[in-house]
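# Architecture at a glance
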Amino acid sequence: MTELDPFTDVLDGPVYVVTAASGGERAGCLVGFASQCSIDPPRFTVWLSTANHTYQVAREAEYLTVHVLRGDQHALAELFGGETGDRVDKFARVGWRPGEGGSPVLNDVRTWFTGRIEGRIEGGDHVGFLLAPAAVCPPAEDTSPALLRYREVRDLEPGHPA
């Protein structure tokens, strides 16, 4: 099997915190695989590791919230990428409010959207959640924030059961 490392080693995309709620449970994890996938109608796909606690909650959720982290939000990346929701209530450590379908919206992240799950795509050890926008953050004063990039957080174990 051919490895993708020569290709993916040059990529340095943004990282996201994805949150979900279902059955009275909240979850969230750090995600490096996500992208807009359609302009009309607008759609976005976020890929969750099947090893993550967040994936288990998201399977039963109706909505997911995707938060774009700024370059100065390393602490949020560490919380959502380095801790597992099986043992830690991440939401007890951050300000948040319930959004569409109860999906947590993090107070300190100014760029986010909540999407209704329209479908799931099997992709090996990750499952893609196809999202239709249901709520989008208000415009920020700074429309071009420096984003937290994958290379800055890749040591947080992307397959960690977050």
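Anyway, here's the lowdown on the structure attached to this text. Treat the numbers as computed from the prediction; the structure is a model and nothing was measured. (Residues numbered from 1 in each chain as written. Predicted model: local features only at pLDDT ≥ 70, side-chain atom pairs only at ≥ 80, totals over all residues. Heavy atoms only, no water.)

For the chain, the helix and strand inventory stands at 4 helices and 9 strands. When the helices and strands of the chain are placed in sequence order, the string is α-β-β-β-β-α-β-α-β-β-β-β-α. The 162 residues of the chain split such that 44% are buried. Partitioning the contacts of the chain with sequence separation of at least 6, the portion at a separation of at least 24 is 67%. (Helix = DSSP H or I, 4+ residues; strand = E, 2+ residues; numbered from the N terminus. Buried < 20%, exposed > 50% of the residue type's maximum accessible area, 1.4 Å probe, protein only. Contact = heavy atoms within 4.5 Å.)

So, about unusual backbone geometry. Of note, the bond from aspartate 40 into proline 41 is cis; its omega dihedral lies within 30 degrees of zero at 5°. By the secondary structure assignment, proline 41 is in the loop between β3 (34–38) and β4 (43–49).

A word on the packing of aromatic side chains. A full pass over the atoms with the stated rule returns 5 aromatic pairs. Ring centres of tyrosine 55 and phenylalanine 129 lie 6.2 Å apart, and the angle between their planes is 70°; on these two criteria the pair is classed as edge-to-face. Residue tyrosine 55 is located in helix α2 (residues 53–58), and its partner phenylalanine 129 is located in strand β9 (residues 126–136); the two are separated by 74 residues in the primary sequence. A relative accessible area of 12% means that tyrosine 55 is categorised as buried. When the ring of phenylalanine 80 is compared with that of phenylalanine 91, the centres are 5.6 Å apart and the planes differ by 65°; the resulting orientation is edge-to-face. Here the residue phenylalanine 80 occupies a position in helix α3 (residues 74–82), and phenylalanine 91 occupies one in the loop between α3 and β6 (96–98), the gap between them amounting to 11 residues. A single burial state applies to phenylalanine 80 and to phenylalanine 91, both of which are buried. Put simply, the rings of Tyr16, Phe44 and Phe113 touch in pairs and so form one group of aromatic residues. (Phe/Tyr/Trp six-rings, centres within 6.5 Å; stacked < 30°, edge-to-face > 60°.)

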